[in-house]
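Structure assessment
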Amino acid sequence: MPDPTYKYGERDVPDMSRRELVPGQGRIAGYLAVLLGGMSVAGVLCFRYPTIFTTAELRATYDVGMIRVLLWVCIWGALGFGMFNLARWMHRRKAAAGVALSLAALALGGASVEAGAVAPTKMSIGLDFLLISVLSSGALYVVLEKLFPRYPGQVILRPGWRLDAGYFVVNHLLIGLFLFVGNSFAPAAFGWAVNARFQTFLQALPLPAQVLIVLMAADFVQYWVHRAYHEVPVLWKLHAVHHSAEHLDWLAGSRTHLVQVLIDRSLVMVPLYLLGPDKAALDAYVVIAAIQAVGVHANLSWGFGPLKYLLVTPQFHHWHHSSDRPAIDTNYAVHLPLWDALFGTYHMPDAHWPIAYGTVKPIPRTMAGQFIYPFVPESEPTAPS
Ligand SMILES: [Zn+2]
């Protein structure tokens, strides 16, 4: 609900025109050369060393023929964009890096590289997960944010994008660790609480009912964990890293402290483990969670009509990231605003979006600085947001 004592306003987006990617200047081709070149090398490494660089859970889902086509496009795209810029003598370092990376990918076997043998392993580096996320959510949201931006003046390469891209890469590569810890915690700590009769009853329910129950249970846990991050000062320092983004877009949600990811993954698995739904319901939950995790941070103007009362939307979560006074410590839910409505933390002034984002008190702006920030004592006590 809006706060009648607060004067809502329109956010003043700083001038980012210098950062805008304008066709003809060589920056677009330069960045594409580096991005596609990096993806080419990563893709070839996934084929050659699948045990090290691919995720067992994902391997079963992809079409190898299609992946080889994409790899071919990346290699020759990087080479093409790189040569194009070198010929024009524009953004030469990025162009040369793109060419070098594409040549390295070709030297390692290119798109027809022979696939290595897969050996059983407990943990791997999620290079395949990173590539799939760049190709799916990355490509999709960059286009959507250009077509339907909430803040048209906010560019793709807005301040802080490098830091968030760093988190995006690291938090994807570590998926093996997160899955291992997450999947181990619930059985170890709550194995005693599993009720086979209850799980059989749940599995007999129609799929939509199972998905709804899973969403509600997972979000109930996430609501209280999230609220604890905000209301317990020592936990707030950990979570402040996620809130330090001052410009929200699809990439900003990646900015999350490693320890927080481990805690979140472990605790959210508890209700899923105890409920024990069908695999199809679990898969549907994972897809919804993945779309919402990225989408609610996006620079997207979609209001979602009456759906906004049922599902967490970008506007709802943008308010959670706001440093505007009435929004501080509100909107904790990740999937369903229901929990905020029930527990008195719902804040959704329909006609308005935040004036400012980020933490009230600045925190370090590098990944290393943010990593140690929660563990370094401060002389003065910190307050949430
Ligand atoms: Zn938060």
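Residues numbered from 1 in each chain as written. Predicted model: local features only at pLDDT ≥ 70, side-chain atom pairs only at ≥ 80, totals over all residues. Heavy atoms only, no water.

**Describing the domain arrangement of the chain**
Filter applied, for reference: What fixes the domain bounds is an automatic or database domain assignment.
Here the domain parsing of the chain yields domain 1 (17–121) and domain 2 (175–375). Between the C-alpha centres of domain 1 and domain 2 there is a distance of 32 Å.

**As for helix α4 (residues 64–88)**
In an α-helix, one full turn covers 3.6 residues, which means residues spaced three or four apart are oriented alike. Under the convention used in this document: Put simply, DSSP marks the helices as runs of H or I at least four residues long and the strands as runs of E at least two long, and each gets a number from the N terminus on. One fewer than the residue count of a helix, multiplied by 1.5 Å, yields its expected span. To sort residues, take the accessible area from a 1.4 Å probe on protein chains only and compare it with the maximum for the residue type: under 20% means buried, over 50% means exposed, and anything in between is partly exposed. Working rule for contacts: check all heavy atoms of both residues, and any pair within 4.5 Å makes them a contact. Here a polar contact is recorded for every N or O atom pair within 3.5 Å, except that within protein the pair must consist of a potential hydrogen donor and a potential acceptor, and residues adjacent in sequence are included only if both atoms are side-chain atoms.
The first and last C-alpha atoms of α4 sit 36 Å apart over 25 residues, in line with the 36 Å expected at 1.5 Å per residue. Taken together, the buried positions of α4 are occupied by Leu71, Cys74, Ile75, Gly77, Ala78, Leu79, Gly82 and Asn85. Contacts made by the buried residues of α4 are with α1 (27–48) and α5 (92–107). The N-cap of α4, judged by a side-chain oxygen 3.0 Å from the amide nitrogen of Gly65 a few residues on, is Asp63. Just downstream of α4 lies Trp89, where phi reads positive at about 55 degrees.

**A closer look at the packing of aromatic side chains**
So the rule is basically this: Classification of ring pairs uses Phe, Tyr and Trp, with its six-membered ring standing for Trp, and accepts pairs whose centres are within 6.5 Å; under 30 degrees between planes counts as stacked, over 60 as edge-to-face, and the remaining range as tilted.
Considering all chains together, one arrives at 19 aromatic pairs under this definition. With a centroid separation of 5.2 Å and an interplanar angle of 50 degrees, the aromatic rings of Phe148 and Trp302 are classed as tilted. Here the residue Phe148 occupies a position in the loop between α6 (127–147) and α7 (161–173), and Trp302 occupies one in the loop between α13 (279–295) and α14 (314–320), the gap between them amounting to 154 residues. Look at Trp302 and you get partly exposed, because its relative accessible area is 30%. Between Phe185 and Phe190 the ring centres are 6.3 Å apart and the planes differ by 70 degrees, which places this aromatic pair in the edge-to-face class. Note on Phe185: relative accessible area 31%, which makes it partly exposed.

**Digging into the coordination of the zinc ion**
Put simply, the rule reads: Sites may look incomplete because water is not among the atoms; the donors themselves are N, O and S atoms within 2.8 Å of the metal, or within 3.2 Å for Na, K and Ca.
Within the protein, the atoms that donate to the zinc ion are His226 (NE2), His230 (NE2), His239 (NE2), His243 (NE2) and His320 (NE2), at distances of 2.0 to 2.2 Å. In primary sequence terms, the donor set of the zinc ion follows H-x3-H-x8-H-x3-H-x76-H. Taken together, the residues His230 in helix α10 (residues 207–231) and His243 in helix α11 (residues 233–243) connect sequence positions 13 residues apart. Among the residues examined, His243 registers a relative accessible area of 2% and is labelled buried.

**Description of a nonpolar patch on the surface**
Basically, it comes down to this: Within this analysis, patches are made of residues with over 30% relative accessible area and no salt bridge. Like charges are joined at 9 Å or less; nonpolar side chains (Val, Leu, Ile, Met, Phe, Trp, Tyr) at 5 Å or less. Note on areas: Shrake-Rupley with a 1.4 Å probe; residue coverage comes only from the protein chains shown. Take a side-chain nitrogen of Lys or Arg and a carboxyl oxygen of Asp or Glu: if they are within 4 Å of each other, that pair is a salt bridge.
Taken together, the side chains of Val143, Leu147, Phe148, Trp302, Phe304, Leu307, Leu310 and Leu311 define a hydrophobic patch exposed on the protein surface, amounting to about 710 Å² of accessible area. On the secondary structure map, Leu311 appears in the loop between α13 and α14. Of the residues examined, Leu311 reaches a relative accessible area of 31% and is grouped as partly exposed.

**A word on the nonpolar core**
Across soluble globular proteins, nonpolar side chains show a tendency to be buried alongside one another. Where we set the bar: Definition of nonpolar core: a set of buried residues of the types Ala, Val, Leu, Ile, Met, Phe, Trp, Tyr and Cys, connected through side-chain atoms within 4.5 Å.
Formed by 18 residues in total, the largest nonpolar core has its most connected members in Cys46, Leu127, Leu131, Tyr141, Phe168, Trp250 and Leu300. A per-element tally of this core places α6 first, with five residues. Counting the residues that make up this core, at least three belong to each of domain 1 (17–121) and domain 2 (175–375). Beyond its immediate sequence surroundings of up to four residues, Cys46 is in contact with Phe53, Thr54, Leu127, Asp128 and Leu131. Core analysis: the second largest hydrophobic core is formed by 12 residues, Leu202, Ala218, Val268 and Leu275 among them.

**Some points on the side chain of His335**
Within the secondary structure, His335 sits in the loop between α14 and α15 (338–343). His335 sits in the buried class, given a relative accessible area of 1%. Of the polar contacts made by the side chain of His335, one reaches the side chain of Gln222; its length is 3.3 Å. A polar contact is formed between the side chain of His335 and the side chain of Gln292, at a distance of 2.7 Å. Aside from chain neighbours lying at most four places away, what touches His335 is Leu215, Asp219, Gln222, Tyr285, Ala289, Gln292, Leu310, Leu311 and Val312.

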